[in-house]
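# Architecture and fold: a report
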Amino acid sequence: MAMMRVVSGLLALPDGRILMGQRRRNKLRPSLYELPGGKVEPGERDETALAREWREELGVEIRVVGGPLA
């Protein structure tokens with residue numbers, strides 16, 4: 001099986017809440033919660049991929065700050 005690079009982003013609010021999405025029931029691992037993100041395209045930087053995925057999934061423009069957590 002080929003390896004695929006993916007990114008996800010964490011939006012934490014000052015009151016301690018975080019933004020998460022719930023997977024659709026017709027998807028793999030239905031109804032589980034996940035952070036917004038997705039696949040990194042060949043030649044794409046992680047930060048660019050994350051901003052693109054949030055734009056595509058949530059319709060928002062983000063600026064990536066910080067670095068990888070893992």
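Residues numbered from 1 in each chain as written. Predicted model: local features only at pLDDT ≥ 70, side-chain atom pairs only at ≥ 80, totals over all residues. Heavy atoms only, no water.

### Section: the environment of Leu58
Structurally, Leu58 is set in helix 1 (residues 46-58). A relative accessible area of 41% means that Leu58 is categorised as partly exposed. Spatially, the C-alpha atoms of Leu58 and Gly43 are 23 Å apart, while their sequence positions differ by 15 residues. What Leu58 contacts, discounting residues up to four positions off in sequence, is Leu19, Pro36 and Glu53. (Helix = DSSP H or I, 4+ residues; strand = E, 2+ residues; numbered from the N terminus. Buried < 20%, exposed > 50% of the residue type's maximum accessible area, 1.4 Å probe, protein only. Contact = heavy atoms within 4.5 Å.)

### Remarks on helix 1
Given a rise of 1.5 Å per residue, 13 residues ought to cover 18 Å, and the 18 Å separating the end C-alpha atoms of helix 1 matches this to within 8%. Taken together, the buried positions of helix 1 are Ala49, Leu50, Ala51, Arg52, Glu53 and Trp54. Buried residues belonging to helix 1 abut strand 1 (6-8) and strand 4 (37-39). The positive-phi residue at the C-terminal boundary of helix 1 is Gly59, with phi of around 70°. (Expected span 1.5 Å × (residues − 1).)

### Section: the pattern of salt bridges
Side chains that differ in sign of charge can pair as their charged atoms come close. Tallied over the entire structure, the rule returns eight salt bridges. Measuring nitrogen to oxygen at the nearest pair gives 2.6 Å for the salt bridge that ties Arg5 to Asp46. Here Asp46 lies in helix 1 and Arg5 lies in the segment before strand 1, a separation of 41 residues in the sequence. For Arg5, a relative accessible area of 53% gives the class exposed. Looking at Asp46, the relative accessible area reads 25%, which means it is partly exposed. Residue Arg17 is joined to Asp15 by a salt bridge in which the shortest nitrogen-to-oxygen separation is 2.9 Å. (Salt bridge = Lys/Arg side-chain N within 4 Å of Asp/Glu carboxyl O.)

Shape is all these values report; function is a separate question.
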